[in-house]
Structure formats: C-alpha cells, structure tokens
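Chain and residue survey
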Amino acid sequence: MRNHVEEFREDLKEFDEITDKFYKKEINVAQYKGFSGGFGSYAQRGGSASMLRLRLSGGEITKDDLKFIADSVEKYDISLTHITTCQSLQLHNLSAAQVCALIQESFDYGIITRGGGGDFPRNVMCSPLSGVQQGEYFDVLPYAKEAADYLLGFIKTVKLPRKLKVCFSNCEENVTHATFRDLGFTAKENGSFDVYSAGGLGREPRMGALVASDVAPDKILYYIKAMVDTFTAHGNYENRGKARTRFMQDTLGTEGYINAYRDKLTKVLAEENLDLSITLPESAKQGDGKTLDNPRAIPQKQPGLYAVSYHPIGGSPKPEFWRKLYDAILSMEDVLVRLSPDESLYIINLTASEAEKILSLTADSANNTFESSIACIGASICQVGARDSQSLLHACVERVRKENLPDGVLPKIHISGCPSSCSAHQIAPLGFRGGVRQTPDGPKPAFAVFESGCEIEGEEAFGEDLGVMLESEIPEFLAELGNEIASRNMTYEQFTAKHHDKFMEIVKKYI
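Heads up: these notes are all about the structure in this document. Computed from a predicted model, the values in this text were never measured in an experiment. (Residues numbered from 1 in each chain as written. Predicted model: local features only at pLDDT ≥ 70, side-chain atom pairs only at ≥ 80, totals over all residues. Heavy atoms only, no water.)

Describing the overall build of the chain
For clarity, the threshold we go by: A run of DSSP states H or I qualifies as a helix once it reaches four residues; a run of E qualifies as a strand once it reaches two. Both are numbered from the N-terminal end. Each radius of gyration is computed over the set of C-alpha atoms, and the globule rule expresses the reference value as 2.2 Å times the number of residues to the power 0.38. Working definition: with a 1.4 Å probe on protein chains only, accessible area under 20% of the residue-type maximum means buried, over 50% means exposed, and in between means partly exposed. Note on contacts: a residue pair is in contact if any heavy atoms of the two residues lie within 4.5 Å. To measure how exposed things are, a 1.4 Å probe is used in the Shrake-Rupley method; for residues, cover is taken only from the protein chains shown. Asp and Glu are treated as the negative residues and Lys and Arg as the positive ones, with His and the ends of the chain left uncounted. In this description, the location of a charge corresponds to atom NZ of lysine, CZ of arginine, CG of aspartate or CD of glutamate.
When you go through the chain residue by residue, the secondary structure sums to 15 helices and 19 strands. The globule rule puts the C-alpha radius of gyration for 511 residues at 24 Å, and the 22 Å found for the chain is close to it. For the chain, the residues scored as buried account for 59% of the 511 residues in total. In the chain, the share of contacts with a sequence separation of at least 24, taken over all contacts with a separation of at least 6, comes to 68%. Approximately 20,600 Å² of the chain is accessible, and the part contributed by carbon and sulfur atoms is 47%. Computing the positive centroid from 56 side-chain charges and the negative centroid from 71, the chain places the two 5 Å apart.

Right, dumping it as structure tokens:
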C-alpha cells in the first residue's frame, strides 16, 4: 500500500482547498461529502467537525502503525476513536485544520486514506485471526493484502458506479461476510477459494452469486479485475440508489450476471498477467510453557501462543487505550493487532504470560456475548443516520446489567441507525434498524426489529422483520426477554428454537 503514497499525494492539495471552502460555508454538506468521501473523510452531523478513516488492509495494525495512531491521538487531543465493521479505524471530532494536517501525516507515514469512502474500492477485509486460528483452512491475509494493493490502482484509473467491497474468509465462520459482499473469497479445505459476487446488505439485500469454484490463490487478481470490468460494464451509473453490485442480479438475473462475470473473466485470463507469488509468513516464536484459561484468551494454532480479544462497548476504545497498548506490546516479539468486523480487536502471538498482561490492560472489555453487541457510529455523528445507535446500545447494556443474567441468554445484537445496515443488523440473531414509529402522541424514535439472521457459510440467512419498537422500550424488552430465558435455564438459541411462540409473545408486547 505504501507504494501508492506518491501517486495520491498531489490530491491532498485539493482536499485542503475543498475542506477550507466547506468550513467557510462556501459549499454545502452534500457537495463536500461527494468530494471528501474519496479521501476517507466525512463531515460529522452539524458540519462543525470531521472524521478521518484510516485504511488498514485486513484490519492489521503493526507496532509502528500503533505508535502512529497513539501519537496522532495525543497530538490532536482526539476524543473519540471507533473501530468500524469494515476493519478500519475512525478518528472523530477533528477540526478543519486537524483533518487536513492528519491526512497529510497519514500519507507521510504510509497509511493511505484514499478510497476510504466514496465510489471507490474500499478497505479490503479479512478474517481477523487469519494465520493463527485453529481449524482455519489456510492463511488468507497475504492474499487480502495483495488484493488491497491492486485495488488502489483503480482509484485514479476507473470510475465505478459506487463503492466496491472485497473480502476474504479463512473458514466457515464467515465473519467478513464473504458470501454476500460485492466480491468475496472463501477459503476451502483443499487450499483453494470459492468466489462470490454481487451480494450486499442494506436496502434490498442479496446473497452473493457463486461465480467460480476451486480458484488457485495465486490467481485472485484475475477475479478482482473481472469484477471491476463487470461492474463498470453493467453497473447503474444513472441511479445511485441502484448502483451497488447486488442490483446487477436484478437487471441481468442471477444466471445472467454469472455469465456476464465469467465472460469478463475469460477475457482477463486471456489478456492479463496477474499471477501472484507469495511466501507465507512464518514465526519462530514459541510459548513460555504456561497455559491460560480465560474466555478472552484464544489458543492459537501455534502451540503455546494466544490471541486476546478486546471488545470495547460500542467499538469505541478510550483514546488513551492506543498508547497503553503500544507501550505494553512494544517489547513483545512478533505481536500484532487485528481489527475485527464486529468492532472488536485481537492482540495476537502472545505467550501466556504476555496474554495475562494484555488481559489486565483490557479489563474494561465486554464480558459476555450480549455486551459484545455491535452498533454503528449513529446519528449523533453520522449525517445520514436516523437514530443514535450508540446511545441505544449503552442504554441496553446498562439495563441488562441490572438483571445479572447468565451469559448466553441474550445474543449479540446488531444496531444500525438507518437502512444502510452498517452494523449488519440483517444477519444478526436479533437486529435493530433505526426509524420512526407513529403514536397517538405523534412520531417517536423507534427501531425495526429483525430476528434469525445468520452469517455462517452454508447457513446464511437474512433476518425477518418483526415490526417496529419504540427506542425507549427496547432496553426493557431485552431485560424481560433475558429473564424469561434465564428462568428456563436455556440459551437464546435454544429458547427461540423450542419456544418461538413465547418469544413472539414477548416481542408483540413492544411492537
């Protein structure tokens, strides 16, 4: 990625000029959004502050990256950092001068924000424990990084109808949603990839179409180029609401889309030379002879090593966390940080003794499944958000904590502030999407409720819309539901499978 820094550096002059015009009120929010998004920056709600999104391929953060983040947080007194569901890191509440300076410093360091928003190839996603996860088919991160570097080359050469999200999955957990993204590569036991295309969440969601099977990993760039060519040939340049890749399944039909993609692929295979030669990374690090039993300490496939999970409530670590983490891991051999699509992060390649230190440092982590719930940044910051997802999540956690419920009686919920589905509410066991409900006293803040979504490869399902629930009543709904399930000594999954009628009885009291 750092090879592209000079290619985009000249663009920053224009970013500074347009940002200055926006903050002087010479252009409006919509005009600025159409420009700044391509640089990974958006004005926050109200237009008095900005956000900058750091593009981190596969969600990986090295120690040097971590130092840059910690230095930036301190230098600019950044009050809010947020881990996104696309494995990027957002730095919030920046002034015009700060966002212009910080984007320049990011480029100087080697972190490119170009294409972090707008109609461009976005941050390439990857299973966060790729390379260390027990039971994975193979390490897909090196291929995700190559894909990320390749896709940056299209930013100044190809005009896409809308954004393009590419991701890689190392096992059937499918945490990156590779089977229903614009383009997804799913690892297989035989060391190859299946390739899915033209899927996506949001309005009118679609599962991806299987366009290729048993693809050799060193051939992935051909399939990416075919995706770009198919999108530019058949994507909708006239109607932005229909310009995402998933709508090509409507205009062409699913089989027609598959044929169109394969036609482009045949041409690319014949005309391009895009083979990869990758040497997979190896580490000689060994454990320290100790073992560790903690639900947040995950044994790696490397004997004696652990990955520690950390999920700050709402995916927003305290700003000082980044410095504390950097100081803690600086002397630890081969330790890396990986951001996860569920707004958590993993610190990997730890010995048991090192893991104990990181567990202590991250003691404010969500301590059960429910507290690990996902919420987008919400309407208090997002221009297009309808509801404040973060506020609702914190209210729900606070209410449920009072009940002291056993882990598992409530699932990990997903809360999106609007239909864009940034939290992926449509594939959650229990999801919420911001909106409004009409009442005798007039319209009130509310959320549509979805159930029975699933992201696991082979079991994918979009949730069923059950109706609309007042925002103010959702915490009480969850408390009542949790107590009912706990009284039966069941998990949420067991309860909804065996007593769905009782589940719906509780839901209907609130919708």
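After that view of the structure, there is still more to cover.
Thoughts on the packing of helix α12 (residues 389-401) against helix α13 (residues 474-487)
Rules: In this description, a line fitted to the C-alpha atoms serves as the axis of each element, helices being fitted only across the stretch in contact, and the angle between N-to-C directions of two axes falls anywhere from 0 to 180 degrees. Crossing handedness is read from the near helix: turned anticlockwise from the far helix by less than a right angle, it gives a left-handed crossing, and turned clockwise, a right-handed one.
Between α12 and α13, the shortest axis-to-axis distance is 9 Å and the interhelical angle comes to 35 degrees. As α12 packs across α13, the resulting crossing turns out to be right-handed. Residues Leu392, Ala395, Cys396, Arg399 and Val400 of α12 form the contact with α13, whose participating residues are Ile474, Pro475, Glu476, Leu478 and Ala479.

Thoughts on the side chain of Asn123
Test applied: In the analysis that follows, any N or O atom pair within 3.5 Å is treated as a polar contact, provided that within protein one partner can donate a hydrogen and the other can accept it, and provided that, for residues neighboring in sequence, both atoms belong to side chains.
The residue Asn123 is located in the loop between α5 (96-109) and β6 (125-126) in this model. A polar atom in the side chain of Asn123 sits 3.5 Å from the backbone nitrogen of Ser57. Those residues in contact with Asn123, other than ones at most four positions away along the chain, are Arg55, Leu56, Ser57, Cys86, Gln87, Ser88 and Val166.

Description of the layout of surface pockets
So the rule is basically this: The definitions used throughout rest on a 1 Å grid laid over the protein atoms alone, on which a cavity is an enclosed set of points accommodating a 1.4 Å probe that cannot get out and a pocket is an open set flanked by protein within 12 Å on both sides along at least five of seven lines; lining residues are those having an atom within 4 Å of a point. Grid points are joined across faces, edges and corners, and a volume is the space filled by probe spheres set on the points. Each residue receives one of three labels: charged for Asp, Glu, Lys and Arg, nonpolar for Ala, Val, Leu, Ile, Met, Phe, Trp, Tyr, Cys and Pro, and polar for the others, Gly being one of them.
Estimated volume of the second largest pocket: approximately 420 Å³. What lines the second largest pocket is a set of 22 residues, among which Gly131, Asp139, Pro281, Glu282 and Ser283 lie closest to the centre. Sorting elements by how many residues they give to the lining of the second largest pocket places helix α6 (residues 141-152) first, with three residues. Split into classes, the residues belonging to the lining of the second largest pocket amount to nine nonpolar, five polar and eight charged.

Here we look at the sheet that holds strand β3 (residues 60-61)
To keep it simple, the criterion reads: By this definition, two strands are paired if DSSP reports at least two bridges between them.
As summarised here, the arrangement of the five strands in space is β3-β13-β14-β12-β11, forming an open sheet in which the pairing is antiparallel. What marks the edges here is a single partner per strand, and that holds for β3 and β11 (297-299). As defined by bridge partners, strand β13 (residues 336-339) adjoins strand β14 (residues 345-350) across four bridges and the pair is classed as antiparallel. Following the sheet pairing, Leu336 is matched in β14 by Ile348. Against the sheet, helix α11 (residues 352-361) touches β11, β12 (306-310) and β14, its axis set at about 155 degrees to β14.

Focus: α6
Cut-off, in case you're wondering: To estimate how far a helix should reach, multiply one less than its number of residues by 1.5 Å.
Compared with an ideal rise of 1.5 Å per residue, which puts twelve residues at 16 Å, α6 spans 17 Å between its outermost C-alpha atoms and is within 8% of the ideal. Restricting attention to buried positions, one finds in α6 the residues Leu141, Pro142, Tyr143, Ala144, Ala147, Ala148, Tyr150, Leu151 and Leu152.

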